[in-house]
Protein chains: 2
Amino acid sequence: RSDMFSGPILEGTSMALQCAKSAGHWKVGRGMEEGFQGRRHEFTAECPSVLELGFETVRSLKVLSGAWVGFEHAGFQGQQYVLERGEYPSWDAWSGNTAYPAERLTSFRPVACANHRDSRLTIFEQENFLGRKGELSDDYPSLQAMGWDGNEVGSFHVHSGAWVCSQFPGYRGFQYVLECDHHSGDYKHFREWGSHAQTFQVQSIRRIQQ
Amino acid sequence: RSDMFSGPILEGTSMALQCAKSAGHWKVGRGMEEGFQGRRHEFTAECPSVLELGFETVRSLKVLSGAWVGFEHAGFQGQQYVLERGEYPSWDAWSGNTAYPAERLTSFRPVACANHRDSRLTIFEQENFLGRKGELSDDYPSLQAMGWDGNEVGSFHVHSGAWVCSQFPGYRGFQYVLECDHHSGDYKHFREWGSHAQTFQVQSIRRIQQ
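Computed from a predicted structure; not experimentally measured. (Residues numbered from 1 in each chain as written. Chains lettered and ligands numbered in written order. Predicted model: local features only at pLDDT ≥ 70, side-chain atom pairs only at ≥ 80, totals over all residues. Heavy atoms only, no water.)

Enquirer: Explain the domain arrangement of chain A to me, please; I cannot follow it from the model alone.
Expert: For interface size, the figure often reported is the accessible area lost on association. Residue and element names in this part refer to chain A. Per the domain assignment, the segments making up chain A are domain 1 (23-110) and domain 2 (120-207). Every contact between the two is made by 12 residues of domain 1 and, on the other side, 15 residues of domain 2. Summed over both partners, the interface of domain 1 with domain 2 comes to about 1000 Å²; 45% of that surface belongs to carbon and sulfur atoms. Linking domain 1 with domain 2 are 2 salt bridges. (Domains from an automatic or database assignment. Contact = heavy atoms within 4.5 Å. Buried area = accessible area lost by both parts, 1.4 Å probe. Salt bridge = Lys/Arg side-chain N within 4 Å of Asp/Glu carboxyl O.)

What follows is the structure in structure tokens.
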């Protein structure tokens, strides 16, 4: 371990997510600060609708601490985007779903139970926790490469931590956030994965980092 | 460990990547097989140009074994897309870069040295292996959350395995493949990361899974 890990990894700062509405699009180059223009708002707790703050949408954001999930629509509905610490200068930085680009973030909430070091998840072949199962405690960019049969997961039980699973390998496509402190960690059918879930297709899974 | 890990994780199959040119776009739903229409070709070694096989482009693909990297242009040029085992029914499944969607894959090669269990990488603050450094052997969806200062990496040295780093947190944006058996594992400036690299911006890094 090098000097970059000498301090505690998760410092006890308050959760903060900084947003800025930007008129223009980000250009490639060193001038990436260009993306963080416009009106700014700092969030330290969940926000069911940025519209109430006078934002039409959020175009760029910085996660200063904690892990967050952003939603396409108000009230934590629609597509889900996991937002870990770092800079997202334009919509393409937080959207990983190119087929149905929402291009908007309307609500946010922190992911309270993310724990990169102690995360345990059981995946089941069928809905309602039936069929073959697999126990996960690491990141899997390809479930099939690890021996999982097929491109679907029927249901999940989160024992600890927070996870994000994705439709395609390498964490691409629709994202579904799975947390131990929501639904008692039980996600027994794709209808419980989020309002945007339409299939059981899941090909990659990883822990959320806080 | 459950029964899903009872066999060897990497079975000794030949590397194979199956491609199909598709006329239409994939539709959401259970009918995802729709994506794998058209002419088919199975690759078991690098392919510098699918044009020579009579494909205009590749619209959907299945990675049957091994890990691969697909390139936007012929001759392994342009945007890079890591392709691990699984199904990619349309361009949005393999593209994670929504700002500059290439929408095409023209050349492919296997990632020979991927080793999920023994991968070590040193990242440096500045080009030419200068400045602060960090030793990595795990996946980091957010380098900043792990204590790395800023949104850039100046240079890399790959000790073992193969890695993919990404412009934005959560493995979004431009991807750069880093391998221990290319350039002797040395990537001393963004110009050596790939023909599409234009900045030092790197916010997430992970091992490639085989």
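Now that the structure is up, let's keep going.
Enquirer: In this structure, what is going on with the packing of aromatic side chains? I would like to understand it.
Expert: Given two aromatic rings, one states the distance between the centres and the angle between the planes to describe the pair. Applying the stated rule across the entire model yields 18 aromatic pairs over all chains. Arranged with centres 4.8 Å apart and planes meeting at 80 degrees, the rings of F190 of chain B and F200 of chain B form a pair that is edge-to-face. Remark: F200 of chain B occurs in the loop between β13 (186-187) and β14 (204-207) and F190 of chain B occurs in the loop between β13 and β14; sequence separation between them is 10 residues. Each member of the pair, F190 of chain B together with F200 of chain B, is buried. Each member of the aromatic cluster is reached from another via a ring pair, and the members are F156, Y176, F190, W193 and F200 of chain A. The cationic tip of R206 of chain A hangs over the ring face of Y171 of chain A; the distance from NZ or CZ to the ring centre is 5.6 Å. (Phe/Tyr/Trp six-rings, centres within 6.5 Å; stacked < 30°, edge-to-face > 60°. Helix = DSSP H or I, 4+ residues; strand = E, 2+ residues; numbered from the N terminus. Buried < 20%, exposed > 50% of the residue type's maximum accessible area, 1.4 Å probe, protein only. Lys NZ or Arg CZ within 6 Å of the ring centre and 35° of its normal.)

Enquirer: Please clarify how the confidence of the model for chain A should be interpreted in this entry.
Expert: One rule of thumb: low pLDDT means the predicted coordinates there are not for detailed reading. Residues and elements named next belong to chain A. When pLDDT is averaged along chain A, the result is 81, and 80% of the positions lie at 70 or above. Taking the mean pLDDT of every element in chain A, the minimum, 52, falls on strand β1 (residues 16-20) and the maximum, 98, on strand β13 (residues 186-187). Residue range residues 1-16 is modelled with pLDDT below 50. Its contacts to residues more than four positions away, or to other chains, number 40 contacts. Segment residues 21-34: pLDDT under 50, and 33 contacts once partners within four positions in sequence are set aside and those in other chains are kept. (pLDDT = per-residue confidence, 0-100.)

Enquirer: Any chance you could explain the sheet that holds strand β7 (residues 107-110) of chain A here in plain terms?
Expert: Two pairing modes exist for strands in a sheet, parallel and antiparallel, and in both the strands are linked by backbone hydrogen bonds. All names here are of chain A. Spatially, the 3 strands line up as an open sheet ordered β5-β4-β7, and their pairing is antiparallel. In the strand order of this sheet, the two ends are held by β5 (77-83) and β7, each with one partner. Between one strand and the next, the sheet's axes are offset by a mean angle of 25 degrees, whatever the strand orientation. As judged from the 4 bridges shared by strand β4 (residues 68-73) and β7, these two strands associate in the antiparallel manner. (Pairing = 2+ DSSP bridges. Axes fitted to C-alpha atoms, helices over the stretch in contact; angles between N-to-C directions.)

Enquirer: What's the story with the pattern of salt bridges in this structure? I'm lost.
Expert: Inspection of every chain in the model, using the stated rule, returns 12 salt bridges over all chains. Note that E192 of chain A and K188 of chain A form a salt bridge whose closest N and O atoms lie 2.8 Å from each other. Since its relative accessible area comes to 24%, E192 of chain A is described here as partly exposed. Assessed through its relative accessible area of 35%, K188 of chain A is described here as partly exposed. A salt bridge links D138 of chain B to R207 of chain B, with the shortest nitrogen-to-oxygen separation between them at 3.3 Å. Of the two residues, D138 of chain B is situated in the loop between β9 (130-136) and β10 (155-160) and R207 of chain B in strand β14; the sequence distance between them amounts to 69 residues. Residue R207 of chain B is classed as buried on the basis of its relative accessible area of 5%. Ionic contacts of the salt-bridge type, sharing partners, join the residues D138, D139 and R207 of chain A together with D138, D139 and R207 of chain B into one network.

Enquirer: So what exactly am I meant to see when it comes to the side chain of Q167 of chain A here?
Expert: All names here are of chain A. Topologically, Q167 is positioned in strand β11 (residues 162-168). Overall, Q167 belongs to the buried group, its relative accessible area being 3%. Here the side chain of Q167 touches F174 through a polar contact of 3.0 Å, landing on its backbone nitrogen. (Polar contact = N/O pair within 3.5 Å; in protein donor to acceptor, adjacent residues only side chain to side chain.)

Enquirer: Looking at this model, I keep getting lost on the pairing of strand β12 (residues 172-179) of chain B. Mind explaining?
Expert: The side chains of a regular strand alternate between the sheet's two faces. Burial within β12 of chain B is extensive, with 8 of its 8 residues counted as buried. Where strand β11 (residues 162-168) of chain B folds back on β12 of chain B, the antiparallel hairpin that results is connected by 3 residues, among which G170 of chain B adopts a positive phi of roughly 70 degrees.

Enquirer: Sorry if this is basic, but what is going on with the sheet that holds strand β4 (residues 68-73) of chain B here?
Expert: Residue and element names in this part refer to chain B. On the basis of which strands lie adjacent, the open sheet formed by 3 strands has the order β5-β4-β7 and antiparallel pairing. Of all strands in the sheet, those with a lone pairing partner are β5 (77-83) and β7 (107-110), marking the two edges. Averaged over all neighbouring strand pairs, the angle between strand axes comes to 25 degrees, with direction disregarded. Bridge analysis of β4 against β5 gives 5 bridges, and the strand direction is antiparallel. Across the sheet, residue H73 finds its bridge partner in β5, namely Q77.

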